[in-house]
Each structure stands twice: as C-alpha cells, then as structure tokens.
Amino acid sequence: MFLLMQEYIFMKRCFSLARLGAGRTSPNPMVGAVLAYEGRIIGEGFHRAYGEAHAEVNAVNSVAPENQGLLPYSTLYVSLEPCNIYGKTPPCTSLILEKKIPRVIVSCLDHTPGVNGAGIERLRAAGVDVSVGLLEAEGQALSRPRNTFVSAHRPYVILKFAQSANGMFAPPDGRQLWLSNAFSKRLVHKWRSEIDAILVGGNTARIDNPQLTNRHWFGKMPVRIVLSRSGKLPPGLALFGPEAPTLLVSELPPGRALKNSAGWLPLPFNDGLIGSLLGELARRNITTLFVEGGIRTLELFLESGYWDEARVFVTGTHLYPGRPAPQIPVEPKSGFRLGSDQLLVFENRR
Ligand SMILES: NC(=O)c1ccc[n+]([C@@H]2O[C@H](COP(=O)([O-])OP(=O)(O)OC[C@H]3O[C@@H](n4cnc5c(N)ncnc54)[C@H](OP(=O)(O)O)[C@@H]3O)[C@@H](O)[C@H]2O)c1
C-alpha cells in the first residue's frame, strides 16, 4: 500500500515536470521523468524544448556524481513510453540499458510509429522489469495532443469561446462585445503560449479585429490562421501585424498582396474543408490548434467532428438580443470558477 502511494507520488511528479515544457516541445510530446532509489528521488528531468535532450536523459544527467552508482538499483518513472528510435537524439531505451536501470514504470504508450510499444518490448527483451499504466488516464491526457498528431495526422483541436449567462455568443448587429473577465483573458493568453496555432473566421477578424497574440503571458506566439471563403480581408487588420506569422485560408485568392509574414493556403470551401485544412496544418508541423470563433467557424469544426476539447467561459453578463452560442454535443467533463466567469471543459471522446 505504501509502495503504491509512493509510485503515485513519483508519477504525479513526472506529470508536473512534463508540464514545464508546455509550448516548447512541439511537435514532440511533453514528458517528465523521475529516478528513485529506495523511495528517494535521486534525479529528475523533463523534455525542455524540441530538439533538446529527452526527459530520461535530463533525469540521468541530474543525478549527483556520488549517486551515479545507485542507477543500477533505481527505478525510472516516466510519463510516456521511452523512445526507441533515432530522432534528433539517440533512443532513450539505449540510455536505460547502458545505465543498467533495472526497473521502469511508464504511465502510457507513445503512439509514434516505431515506438508504440516497441520501446517497452526492447527493454523487456533486455531483462528490464517494465510496468505500464500507472495513472494512465492522466498520462494519456497529457500525451493526447501528441498521440492525436502522430496517429490521426492532424493537430489536436481545442475550441474556445465565451458565452453570456443566457447562452448568447455575440450581439446580432456585428458590434464587438467582450464577454469574459480579465482572469479568463489572462488564462487564454497562457493557453496561447502552449499551442502552435490559433484560428478565427473572417467575420471575427473583420468585426473584432483581434491581434491573436500572446501579450499577457510568457513564452511563444502561436501562428495565426484566418478562415475566409472570399479572402476579402482589409490588409490593415491587426492579425496581419508583424508580431507573428499569419496564414490566410480561402477559396479565392486574397484581393490584395498580404502583409508581413502572411501566407495563403487555397482550399475548396466544401464539406471536406476542415479535414483538408487539418491535414495541411499537420504537414506544417502544427500539432495543436486553438479555434477561437466565431459561430460559423466553431460550427464547422463541431459538424466535422474534428474537435478534441472545448473550453467554454460562461460569463456573468446577460445579452439581449444575441446570436446563440454553439452547442457542444457532450456534457462538460469539468468546471472551474474564475471570478465572475465559469470555465467548462468538454472532451470529444470518439
Ligand atoms: N463569444 C466569443 O467567444 C466570440 C469569439 C469570436 C468571435 N465572436 C463573435 O462572433 C461573430 C462572428 O461569427 P460569425 O459566425 O459571423 O463568423 P466567423 O465564424 O468569424 O466567420 C465565418 C467565416 O466563414 C466563411 N464562410 C462563408 N461561407 C462559408 C462556407 N460555405 N463554408 C465555410 N466557411 C464559410 C466566411 O468567409 P468570408 O470571409 O468570405 O465571409 C466567414 O469569414 C462576431 O460577432 C464576433 O464578435 C465571439
């Protein structure tokens, strides 16, 4: 019982470490690792950024010189299956074998082709005692964006919007209205620092003129994407500013030359639009996509079935009259209060 509790604590620590890499590891997953000897952590690490050392390597390197001799008697906890392939770095399974680590506890499998159980098999074949599935649901939630990207060949899609207390999304008259509070706004910017791209529809770009940048949190700026059938967007829109690249997705060519680092992706606006778009984004190594509205755009994603999560702020504001918010076809998985707003999180479990 005590041992099991300890294993939970060490795996939870792996998850916390993994999250420290949020926003910097894409297209790689976030991974955390802990090395324990007789119930004591002697090393820990996480994958800090794409192209840099994996979590297991950082954990081994963090072990103090006087403790290196304990590695052949230690247990490695890792939030995701150790890799078994040469990518930007050598396979972590080789390091585990080289350091003679006898026991490995993994939360969940890595669906990357060439890994997907092969990392576990290699370790077991070499005599390492490997267990898989500790706190598996939490491990899978952490690795879901990466596993969606490598197995479905599309970005992990998160829908995000705010609605009034009476279920309205926007005024009917094309006027801009901010519904959520400052806490929610700050949180949205933090989320933006953790994802690869943000998408809005052309009407939202024209009406709200959003910058779609991360201004209220640390870290990176995602790529901006605007979906407009006609491609008719004023070149002076804030999302064509120099802060981040912008991709215009339209059926017709943009009326005028695009500014700054904007690019054009021509796609037919037919029933296959969202599937084709996601395939194109995956080819550009976009692993996570935030869809921030408006209604038509969110509904396109909901109707296509290509969405994984929805984060909905139900605000304290009442809006009459208004355009009704999109309906998420599942019950919320969790809810949190942020001052006057309530955040509801939905998951699309296909
Ligand atoms: N509450 C919130 O969280 C929130 C968030 C964002 C936006 N908003 C509000 O939402 C409103 C805008 O929503 P919206 O529904 O009007 O527009 P939208 O989703 O922002 O944009 C719709 C886009 O769909 C394109 N389109 C036209 N025909 C299509 C087709 N057959 N298939 C696919 N796409 C097609 C249009 O292209 P064209 O460019 O050619 O017209 C248009 O740009 C604004 O009032 C904004 O303030 C609220």
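Within any chain, residue numbers begin from 1 and follow the written order of that chain's sequence. It should be noted that, the model being predicted, local features are given only for residues of pLDDT at least 70 and side-chain atom pairs only at 80 or more, the latter also being counted only at that level, while totals for whole chains, interfaces and linings use all residues.

Chemist: Please provide a residue-by-residue account of the pairing of strand 5 (residues 129–132), values included.
Modeler: A pair of strands is treated as paired once DSSP finds two or more bridges between them. Numbering of helices and strands runs from the N terminus; a helix is a DSSP stretch of H or I covering at least four residues, while a strand is a stretch of E covering at least two. In the sheet, strand 4 (residues 103–108) pairs with strand 5 via 4 bridges, with the strands oriented parallel. Pairing of V106 across the sheet is with V132, part of strand 5. One crossover worth recording links strand 4 to the parallel strand 5 by way of helix 4 (residues 118–125), and it is right-handed. Call a crossover right-handed when, viewed with both strands pointing away from you, the route from the first strand across the helix to the second goes clockwise.

Chemist: Report on the domain arrangement of the protein, specifying residues and quantitative values.
Modeler: Split by domain assignment, the protein resolves into domain 1 (2–147) and domain 2 (153–347). What marks off one domain from the next here is an automatic or database domain assignment. Summarising the inter-unit geometry, the C-alpha centres of domain 1 and domain 2 are found 34 Å apart. We call two residues in contact when the distance between their C-beta atoms, placed using the backbone, is within 7 Å. With 7 residues of domain 1 at the contact, the number on the domain 2 side is 9 residues. Taken together, the residues that form the side of domain 1 that touches domain 2 break down as 3 nonpolar, 2 polar and 2 charged. Classification convention: Asp, Glu, Lys, Arg as charged; Ala, Val, Leu, Ile, Met, Phe, Trp, Tyr, Cys, Pro as nonpolar; all other residues, Gly among them, as polar.

Chemist: Which residues make up helix 8 (residues 273–283), and what values go with them?
Modeler: Partly exposed residues are those whose C-beta has more than 12 but fewer than 20 other C-beta atoms within 10 Å; with 20 or more the residue is buried, with 12 or fewer it is exposed, and the C-beta atoms are placed from the backbone. Buried residues of helix 8: I274, L277, L278 and L281, and no others. The buried residues of helix 8 occupy one face: seen down the axis, they fall within an arc of 95 degrees. Against strand 8 (197–201), strand 10 (246–250), strand 12 (288–291) and helix 9 (295–304) lie the buried residues of helix 8. Taken from the residues just after helix 8, N285 is the one with a positive phi, measuring 65 degrees. Each C-beta atom gives one direction from the helix axis, and the arc is the one those directions make.

Chemist: Could you give an account of the sheet that holds strand 11 (residues 263–266), with specific residues and numbers?
Modeler: Taken together, the 9 strands give an open sheet; going across it, the order is 11-10-9-8-12-6-13-16-15, and neighbouring strands pair in mixed fashion. Of all strands in the sheet, those bounded by a partner on one side alone are strand 11 and strand 15 (334–338). Averaged over all pairs of adjacent strands, the angle between strand axes in this sheet comes to 20 degrees, irrespective of strand direction. The pairing of strand 6 (residues 156–163) with strand 12 spans 4 bridges and is parallel. Note on definitions: angles span 0 to 180 degrees between N-to-C directions of axes, and those axes are lines fitted to C-alpha atoms, for helices only across the stretch in contact.

Chemist: Lay out helix 9 in plain terms, naming residues and giving numbers.
Modeler: Of the residues making up helix 9, those classed as buried are T297, L298 and F301. Looking straight down helix 9, one finds its buried side chains confined to an arc of 100 degrees; they lie on one side. Buried-residue contacts for helix 9 involve strand 6, strand 8, strand 9 (223–227), helix 8 and strand 12. G305 sits one or two positions beyond helix 9 and adopts a positive phi of about 85 degrees.

Chemist: Pulling in residues and values, what's your account of the site of the ligand?
Modeler: Only the C-beta atom, placed from the backbone, is used; a residue is near a molecule or strand if that atom lies within 6 Å of it. Within the structure, the ligand sits among 26 residues, and G201, G202, N203, G293 and G294 are positioned closest to it. Going through the elements one at a time, strand 6, strand 7 (168–170), strand 8, helix 7 (202–208) and helix 9 are the ones with two or more residues in the shell around the ligand. In terms of residue count, helix 7 provides more of the shell around the ligand than any other element does, 5 residues in total. Looking at the shell around the ligand, its residues break down into 12 nonpolar, 10 polar and 4 charged.

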